Number of protein chains: 2
Amino acid sequence: MINKLVDKIKKTNAPIVVGLDPMLSYVPQHIQKAAYEQFGETPEGAAEAIWQYNKAIVDAVYDLIPAVKPQIAMYEQFGVEGIKAFQKTVDYCHSKDLVVIGDVKRGDIGSTSEAYAVGHLGKVQIGNTGYAGFDEDFATVNPYLGTDGIKPFVDVCREEKKGIFILVKTSNPSSGEFQDREIDGRPLYELVGEKVAEWGSTCMGDSYSYVGAVVGATYPKQGEVLRKLMPKSFILVPGYGAQGGQGKDLVHFFDQDGLGAIVNSSRGIITAYRQVKYKEQGITEENFADASRLAVQDMIADIAGALQSAR
Amino acid sequence: MINKLVDKIKKTNAPIVVGLDPMLSYVPQHIQKAAYEQFGETPEGAAEAIWQYNKAIVDAVYDLIPAVKPQIAMYEQFGVEGIKAFQKTVDYCHSKDLVVIGDVKRGDIGSTSEAYAVGHLGKVQIGNTGYAGFDEDFATVNPYLGTDGIKPFVDVCREEKKGIFILVKTSNPSSGEFQDREIDGRPLYELVGEKVAEWGSTCMGDSYSYVGAVVGATYPKQGEVLRKLMPKSFILVPGYGAQGGQGKDLVHFFDQDGLGAIVNSSRGIITAYRQVKYKEQGITEENFADASRLAVQDMIADIAGALQSAR
């Protein structure tokens, strides 16, 4: 799947991923209204609203991008009905040939971590048949529990040719509380980065490992160090746009050939219809998905420009 | 909810929690057969099997214990159908007046962490109504992202009078890879423990905080240190039984009055029917739940004995 991701990035010339993180408050009124008319102001209605919202955005941008990253928390908050909408979203994105990165940040130990890996990336055995659960292509994973938590994911990735992105240096302001603490003169995130490289060395795709890393756009200097520490790990970069990261901050997350990283934007794309910039181009709440397309095009141009001027 | 947990521990004299972590392979054949006859060898059938298995165990032990801890990974592996079985299990345990600790190990940042907190412990607003998602009483949370990841949970806990247990020192062999690394001469888990105490100081129950900690039974010395570092934090202790922890290892996780900790056993209780010890007492696969009851009684006696001889 890392090979497919790289291929699709080359084809689209877009090292970006659209974060499908639908808060109910983001969903345009006409979509909410239609969903509530059908299912009431209930979790079922809310789940229908976010699903229709996702679908319209995916339809508007799928040909421009290699991948999407649904954030499962935004679905899980609606309970079982939300999880159904997550599943529908994953399946629909696959039908559009998009690579799906499940932003699930799971992490546990032994057979429990294996159950997460199986549920999100693999197949669970029931009688004589293997059934895929959520069936994403990649999942994000938390490293705090060490190798015991990661190995079951790596095993499933090897079997299914899928991948994971392990949290190394997260984009949030307080990520340094533990991640930046110095151990033998080096920050914890570097030790985690070295482990990512080590875990990843056991399952290589053509040019990158099945095991990648999450490093926030808001920490460009740390990104530069980590890029070198994990030469074969693809870096998933959150924090672009709404969280403050810009194209020029991202240059050092990439390799010389413009590969090696994929940059996520969620709110910047899915709520683009609220930005003055796009309203001035004739966007209204009704044609919100057109704004998402414009925002994707602008993001691609921003990153391409930054990569070009860095060369 | 921490007050209810403490009350129930006092009433039952049982500082223990039963881990409802149903692997399909644990479920006795007659239950699997009945479920498959109704729903086929499908995720729906598997979900029915684990639900019936849980229900029988809960019916057999609920009067002896204060709390259960379903591990959501074991349900999530079956996709949407598994999640429905998780929900059913939580609801059923509530109907038996058990405190439910959702072992979900979630952790993200900002609005995403808030969505997890809302989905598991709070209510999501849809139109004019707040809907509970999974509605556990406590959730386990991963600290790697720092305060940004924890604060949204604490806010929801304060509002709903619920609680969290934050991973501090996990029970697995490789937990030391990052958690034991020394920072200014002290292991990372101690720094995390100090933060747990700090976060918890803002939301106190009668004698303990809404914010507790997870510390593995397999690390008794570390438990002793952490007990002192976090005097107001209840400690959830996994790793008893199948993972190697014994009653005598647990003494220092408790306060002088025998409170302050709750010990989890999963396999040791739910697969007790496979142990020679219980087979010799007339247990067969058919009456598996009776073995769970015997195992709970033995665990209570083991811990009570250890606490008594330590005094």
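Above this text you will find the structure in question.
As the structure is a prediction and not an experimental result, all values here were calculated from the model.

**Student:** How would you explain the interface of chain B and chain A if you had to name every residue and give the values?
**Tutor:** It is common to give the size of an interface as the accessible area lost on bringing the parts into contact. The interface of chain B with chain A comprises 69 residues on the first partner and 69 residues on the second. Approximately 5600 Å² of surface area, both sides summed, lies buried where chain B meets chain A, with 62% of it carried by carbon and sulfur atoms. Of all residues in chain B, Ile126(B), Tyr144(B) and Phe178(B) give up the largest surface area on contact with chain A, accounting jointly for 15% of the area buried on that side. Taken together, chain B and chain A are joined by six salt bridges. Across the chain B-chain A interface, the total number found is 33 residue pairs in polar contact (both at pLDDT 80 or more). For the side of chain B that touches chain A, the element with the most residues is helix α6 (residues 110–121) of chain B, which contributes seven residues.

**Student:** For the pairing of strand β4 (residues 123–126) of chain A, give the residues involved together with the corresponding values.
**Tutor:** All names here are of chain A. Residues Val-124 and Ile-126 of β4 are buried on one face, while the alternating residues Lys-123 and Gln-125, pointing to the opposite face, are not. Here four bridges tie β4 to strand β5 (residues 129–132), and the two strands are oriented antiparallel to one another. Within β5, the residue paired with Val-124 across the bridge is Tyr-131. Connecting β4 to the antiparallel partner β5 that follows it, the hairpin turn spans two residues, and Gly-127 within it adopts a positive phi of roughly 60°.

**Student:** Which residues make up unusual backbone geometry, and what values do they have?
**Tutor:** A positive phi angle, near 50°, is found at Asp184(A), a position not held by glycine. The phi dihedral of Asp135(B) is positive, around 65°, even though this residue is not glycine. Looking at the element boundaries, Asp135(B) is found in the loop between β5 (129–132) and β6 (138–141).

**Student:** Explain helix α6 (residues 110–121) of chain A residue by residue, including any values.
**Tutor:** Residues and elements named next belong to chain A. Between the first and last C-alpha of α6 there are 16 Å, a value that for 12 residues agrees with the 16 Å anticipated at 1.5 Å per step. Most of α6 sits inside the fold, with nine of its 12 residues counted as buried. Of the residues making up α6, those classed as buried are Thr-112, Ser-113, Ala-115, Tyr-116, Ala-117, Val-118, Gly-119, His-120 and Leu-121.

**Student:** So what's going on with the sheet that holds β6(B)? Which residues, and what values?
**Tutor:** All names here are of chain B. The sheet built from eight strands closes into a barrel, its strands ordered β1-β2-β3-β6-β7-β10-β11-β12 with parallel pairing. Of the strand pairs in this sheet, strand β2 (residues 67–68) and strand β3 (residues 99–106) are connected by two bridges, and their pairing is parallel. Paired with Val-68 across the strands is Val-100, a residue of β3. In the packing of helix α7 (residues 147–160) onto the sheet, the strands contacted are β3, β6, β7 (163–169) and β10 (211–215), and the crossing angle to β7 comes to about 150°.

**Student:** Requested: an account of the pattern of salt bridges, with residues and values cited.
**Tutor:** Counted according to the given criterion, the structure contains 49 salt bridges over all chains. Where Lys123(A) meets Glu160(A), a salt bridge forms, and the shortest distance between an N and an O atom there is 3.0 Å. Residue Lys123(A) is found in strand β4, and its partner Glu160(A) is found in helix α7 (residues 147–160); the two are separated by 37 residues along the sequence. Taking the relative accessible area as the measure of exposure, Lys123(A) reaches 44% and is therefore partly exposed. Taking the shortest distance from any N to any O, the salt bridge between Lys151(B) and Asp155(B) comes out at 3.0 Å. Taken together, the residues span about one helical turn, with Lys151(B) and Asp155(B) both in helix α7 at a distance of four residues.

**Student:** Lay out the state of the cysteines with the relevant residues and their values.
**Tutor:** In total, this model carries zero disulfides over all chains according to the counting rule given. Not engaged in a disulfide, the cysteine Cys93(A) finds its nearest cysteine sulfur in Cys157(A); these two sulfurs lie 19 Å apart.

**Student:** Got a sec to walk through the packing of aromatic side chains? Specific residues and values, please.
**Tutor:** Evaluation of the coordinates by the stated rule reveals 16 aromatic pairs over all chains. Between Tyr75(A) and Phe86(A) the ring centres are 5.3 Å apart and the planes differ by 70°, which places this aromatic pair in the edge-to-face class. Of this pair, Tyr75(A) sits in helix α4 (residues 73–76) while Phe86(A) sits in helix α5 (residues 79–95), and the two are 11 residues apart along the sequence. Accessibility assignment for this pair places Tyr75(A) and Phe86(A) in one class, buried. Considering the side-chain rings of Tyr208(B) and Phe234(B), the 4.9 Å spacing of their centres and the 85° angle between planes classify their relative orientation as edge-to-face. Of the two residues, Tyr208(B) is situated in the loop between α9 (188–200) and β10 and Phe234(B) in the loop between α10 (220–229) and β11 (235–237); the sequence distance between them amounts to 26 residues. Of the two residues examined, Tyr208(B) and Phe234(B), each falls in the buried class. In textbook terms, an aromatic cluster arises when at least three aromatic residues are bridged by ring pairs, as seen for Tyr53(A), Tyr273(A) and Phe288(A). Here the basic side chain of Lys96(B) rests over the ring of Tyr62(B), its NZ or CZ set 4.5 Å away from the ring centre. In this structure, Lys169(B) packs its charged tip against the face of Tyr219(B), placed 4.0 Å from the ring centre.

What counts, and at which threshold
Within any chain, residue numbers begin from 1 and follow the written order of that chain's sequence. Throughout, the order in which chains and ligands are written sets their labels, letters from A for the former and numbers from 1 for the latter. The model is predicted, so local features are restricted to residues of pLDDT at least 70 and side-chain atom pairs to those at 80 or more, both for listing and for counting; the totals for chains, interfaces and linings are taken over all residues. Water and hydrogen atoms play no part in the side-chain values, which are based on all heavy atoms of the structure. It only takes one pair of heavy atoms within 4.5 Å for two residues to be counted as in contact. Two parts placed together each lose some accessible area; with a 1.4 Å probe, that loss summed over both constitutes the buried area. Think of a salt bridge as a Lys or Arg side-chain nitrogen and an Asp or Glu carboxyl oxygen that are within 4 Å of each other. Under this definition, polar contacts are N or O atom pairs within 3.5 Å; protein pairs additionally need one hydrogen-donor-capable and one acceptor-capable atom, and for neighbouring residues in sequence, both atoms have to be side-chain atoms. Numbering of helices and strands starts at the N terminus; helices are DSSP runs of H or I of at least 4 residues and strands are runs of E of at least 2. The cut-offs for exposure are 20% and 50% of the maximum accessible area for each residue type, with area from a 1.4 Å probe on protein chains only; residues under the lower value are buried, those over the upper are exposed, and the others partly exposed. A pair of strands is treated as paired once DSSP finds two or more bridges between them. A helix's residues, less one, multiplied by 1.5 Å, set its expected span. The axes are straight lines fitted to the C-alpha atoms, using for helices just the contacting stretch, and the angles between their N-to-C directions are given from 0 to 180°. In what follows, a disulfide is any cysteine sulfur pair within 2.5 Å. Aromatic pairing here means that ring centres of Phe, Tyr or Trp (its six-membered ring) are within 6.5 Å. Orientation follows from the plane angle: under 30 degrees is stacked, over 60 is edge-to-face, and everything else is tilted. Think of it as a cone above the ring: NZ of Lys or CZ of Arg counts as a charge over the ring if it is within 6 Å of the ring centre and within 35 degrees of the ring normal.

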